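Spelled out, the chains give:
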Amino acid sequence: MKIPLFENVLDFGGRAWWAPSITKEIEEFIIREASVLDIGAGGGWIAKRLSDSRGAKVTLLDVADMNRTNLPLKVYDGKHMPFGDSSFDNCLLLFVLHHCEDPLLVLREAVRISKKRLVIFEDTFRSPFEKFLCGLNDWISNSPFFLANPFKMNMPFHYRKVAEWEDVFKKLSLKVTFKKETQHFITRHVLFVVEKQA
């Protein structure tokens with residue numbers, strides 16, 4: 001069920017605020033006219049901006065249809081991505097892994113279907129209190145989605161510290177080519193650009 005007030009909040013927040021701020025951080029890592037898969041794309045606003053600014057050929061992938069753009073969307077089971085090996089130049093995982101029941105399975109699938117590069121943005125923490133703030137911020141940020149349809153938004157709060165993510169990447173033979181930690185209101189974010197090693 002779509003509630004008009006929530007829809008308006010989602011569209012304004014996603015299109016006018018969230019997408020511009022995140023796109024600014026990641027667009028330099030997207031090759032012009034690249035094929036891109038936005039995994040856990042939500043409303044699709046970031047993908048739309050990348051399509052417009054970089055000429056990227058973006059496909060959205062999510063476990064439910066929350067798409068607010070004209071970009072193509074595939075809905076999947078959250079486990080097995082319906083694409084062949086090395087199908088996309090870039091894969092995006094933007095604040096999505098902590099929403100997954102099995103984040104490492106999703107990451108492994110993203111590695112499989114990416115030709116080389118993955119762009120990963122995540123909430124992170126250094127202390128139990130910062131982890132609590134991650135959860136609080138996540139619930140507030142996603143509440144319009146959650147309240148509009150509680151069964152579409154998975155919230156298991158699977159956050160990791162920066163060093164824990166780096167250990168995961170090492171085990172998956174991914175090379176970190178860029179890392180940036182930032183403070184965002186009450187939470188910390190980390191941006192990773194990782195590449196498959198030949």
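The notes below deal with the structure included here. Predicted model only: the values in this text are computed from it and were never measured.

Here we look at the packing of aromatic side chains
Here comes step 1: For the structure on display, the rule yields six aromatic pairs.
Here comes step 2: Aromatic pair F95 and F121: ring centres 4.8 Å apart, planes at 20°, arrangement stacked. Of the two residues, F95 is situated in the loop between β4 (88-94) and α3 (103-113) and F121 in strand β5 (residues 114-124); the sequence distance between them amounts to 26 residues. The two residues F95 and F121 agree in class, both being buried.
Here comes step 3: Connected via pairs of aromatic rings, a cluster forms that spans W165, F169 and F192.

So, the sheet that holds strand β3 (residues 73-75)
Here comes step 1: The seven strands are arranged β3-β2-β1-β4-β5-β7-β6 in an open sheet whose pairing can be described as mixed. Strand pairing shows two members of the sheet lacking a second neighbour, β3 and β6 (174-184), which therefore form its edges. Sheet twist, expressed as the mean angle between neighbouring strand axes with direction ignored, is 20°.
Here comes step 2: The pairing of strand β1 (residues 35-39) with β4 spans four bridges and is parallel. Bridging from a neighbouring strand, I39 pairs with L93 of β4.

Side note on the side chain of E195
Here comes step 1: Here E195 is to be found in strand β7 (residues 187-196).
Here comes step 2: Of note is the side chain of E195, whose polar atom sits 2.9 Å from the side chain of R117.

Observations concerning the side chain of S35
Here comes step 1: Relative to the assigned elements, S35 resides in strand β1.
Here comes step 2: Sequence-distant contacts of S35, defined by excluding residues within four places in its chain, comprise K57, S87, F88, D89 and N90.

Some points on the pattern of salt bridges
Here comes step 1: Applying the stated criterion to the full structure yields 11 salt bridges.
Here comes step 2: Residue D167 is joined to K171 by a salt bridge in which the shortest nitrogen-to-oxygen separation is 3.2 Å. Taken together, the residues span about one helical turn, with D167 and K171 both in helix α5 (residues 162-171) at a distance of four residues.
Here comes step 3: The exposure class assigned to D167 is partly exposed, which follows from its relative accessible area of 36%.
Here comes step 4: Since its relative accessible area comes to 65%, K171 is described here as exposed.
Here comes step 5: Residues participating in the shared-partner salt-bridge network are D85, E109 and R112.

Quick notes on the environment of G42
Here comes step 1: Its location among the elements puts G42 in the loop between β1 and α2 (45-54).
Here comes step 2: Among the residues examined, G42 registers a relative accessible area of 14% and is labelled buried.
Here comes step 3: The spacing of G42 and M66 is 24 residues in sequence and 5.3 Å in space, taken between C-alpha atoms.

What about the nonpolar core?
Here is a general trend for soluble globular proteins: nonpolar side chains tend to be buried in one another's company.
Here comes step 1: I39, M81, L93, L107 and L118 are the most contacted members of the largest nonpolar core, which has 27 residues in total.
Here comes step 2: Secondary structure elements with two or more residues in this core: β1, β4, α3, β5, α5 and β7.
Here comes step 3: The element that contributes the greatest number of residues to this core is α3, accounting for five residues.
Here comes step 4: With sequence-adjacent residues up to four places away left out, L118 is seen in contact with C91, L93, L107, A110, V111, L174, F192, V193 and V194.
Here comes step 5: Core analysis: the second largest hydrophobic core is formed by 23 residues, I30, A47, L50 and L92 among them.

Calculation rules
- Residues numbered from 1 in each chain as written.
- Predicted model: local features only at pLDDT ≥ 70, side-chain atom pairs only at ≥ 80, totals over all residues.
- Heavy atoms only, no water.
- Phe/Tyr/Trp six-rings, centres within 6.5 Å; stacked < 30°, edge-to-face > 60°.
- Helix = DSSP H or I, 4+ residues; strand = E, 2+ residues; numbered from the N terminus.
- Buried < 20%, exposed > 50% of the residue type's maximum accessible area, 1.4 Å probe, protein only.
- Pairing = 2+ DSSP bridges.
- Axes fitted to C-alpha atoms, helices over the stretch in contact; angles between N-to-C directions.
- Polar contact = N/O pair within 3.5 Å; in protein donor to acceptor, adjacent residues only side chain to side chain.
- Contact = heavy atoms within 4.5 Å.
- Salt bridge = Lys/Arg side-chain N within 4 Å of Asp/Glu carboxyl O.
- Core = buried A, V, L, I, M, F, W, Y, C linked by side-chain atoms within 4.5 Å.

Honestly, that's just the spatial picture; any functional story needs more than this.
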